[in-house]
Amino acid sequence: MTSPEPAAGYVPITESWRQQARASKQRVVLADGDDERARAAALYLDREGLADPLVLDDPASFCSPAVQAQAAASPRAEKIDLGDPLHVASLMVAAGEADACVGGASRPTPDVVRAALSCIGLAPEVDTISSCFLLVLPDGTPITYGDCGVVPDPDPDQLASIAISTATTHEQLAGERARVAMLSYSTKGSADGSRVERVRTATEIVRQRMPSLAVDGEMQFDAAWDRQVAAAKAPASEVAGRANVFVFPDLDSGNIAYKITERLAGARAYGPLLQGTARVIHDLSRGCSADDIATVAVIAACQAEKGCP
């Protein structure tokens, strides 16, 4: 995958996020307060006026009456640990003491997902928590991949939920209409099998749930991305050759694909961004830098300012 250089006068998408975040200055709690990278990110966010960072180092000092009440009211109260920084940070968001949470620099993704489910919960009409990566190609083109970090082997309903959530995230952050390709090893009946049928079924579920969304599948990546291939393989599709959201049939393919795009195409990858939760909470790679934490915090601030789950 290759892209031309950015056009003259182009404003990077990361700069647009910074402008939005600076204008609203949301309260973002950083759950890895004992990690030097998180502390450095907080200093940067504060210095640049991008957010009001809350560095959670000692859970007990942030465990307010509102946080405790939120924990007690959770349907998963028995799973909440008020000594766990991730849980307390998530509860702060649920209780309205912070606008968004970013954590996981030193914790695996399942820990962040469990904290999100127990302390914040799912958004209305959402049945699956998932994740995506927003990738920015060298020419500045944003594309979004889902799911790359949470659901290993989604069934058709879960795959449909992932598609809708990923389209929503793309529109929130890229500021453009989502065009969703439901990826497979088959394009429009070129092959058959249970895995192909699962993607076809998921595509129909998405269309039923969100008739206004531009979505098509099953589709191979070349047909989704390349207009010449699209003309040959899926000439009647409004998505083929123009997709900007790519939904992978399983976690293996999604995770592998985003790393290939990052390493071979020179894309910048932002995520894993959790989606489907009632309030904004995002995960971090354990290999993240302070700059990565700051950028995800800016993304979280932009979504929180828009009232986006």
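For the structure, check the block above.
About the criteria used
- Residues numbered from 1 in each chain as written.
- Predicted model: local features only at pLDDT ≥ 70, side-chain atom pairs only at ≥ 80, totals over all residues.
- Heavy atoms only, no water.
- Phe/Tyr/Trp six-rings, centres within 6.5 Å; stacked < 30°, edge-to-face > 60°.
- Helix = DSSP H or I, 4+ residues; strand = E, 2+ residues; numbered from the N terminus.
- Buried < 20%, exposed > 50% of the residue type's maximum accessible area, 1.4 Å probe, protein only.
- Contact = heavy atoms within 4.5 Å.

Engineer: What exactly am I supposed to notice about the packing of aromatic side chains here?
Structural biologist: Two aromatic rings, taken as a pair, are described by how far apart their centres are and by the angle between their planes. The final tally for this structure, using the stated rule, is seven aromatic pairs. Here the aromatic rings of Phe 221 and Trp 225 are separated by 6.2 Å at their centres, their planes lie at 15°, and the arrangement is stacked. With a gap of four residues between them, Phe 221 and Trp 225 both fall in helix 9 (residues 221-225), about one helical turn apart. Ring geometry for Trp 225 and Phe 246: centres 6.2 Å apart, planes at 50°, overall tilted. Here Phe 246 lies in strand 8 (residues 245-247) and Trp 225 lies in helix 9, a separation of 21 residues in the sequence. Note on Trp 225: relative accessible area 27%, which makes it partly exposed. Taking the relative accessible area as the measure of exposure, Phe 246 reaches 0% and is therefore buried.

Engineer: Looking at this model, I keep getting lost on the side chain of Ser 130. Mind explaining?
Structural biologist: Here Ser 130 is to be found in strand 4 (residues 130-136). In contact with Ser 130, not counting residues within four places along its chain, are Asp 147, Val 150, Ile 162, Ser 165, Leu 273, Leu 274 and Gln 275.

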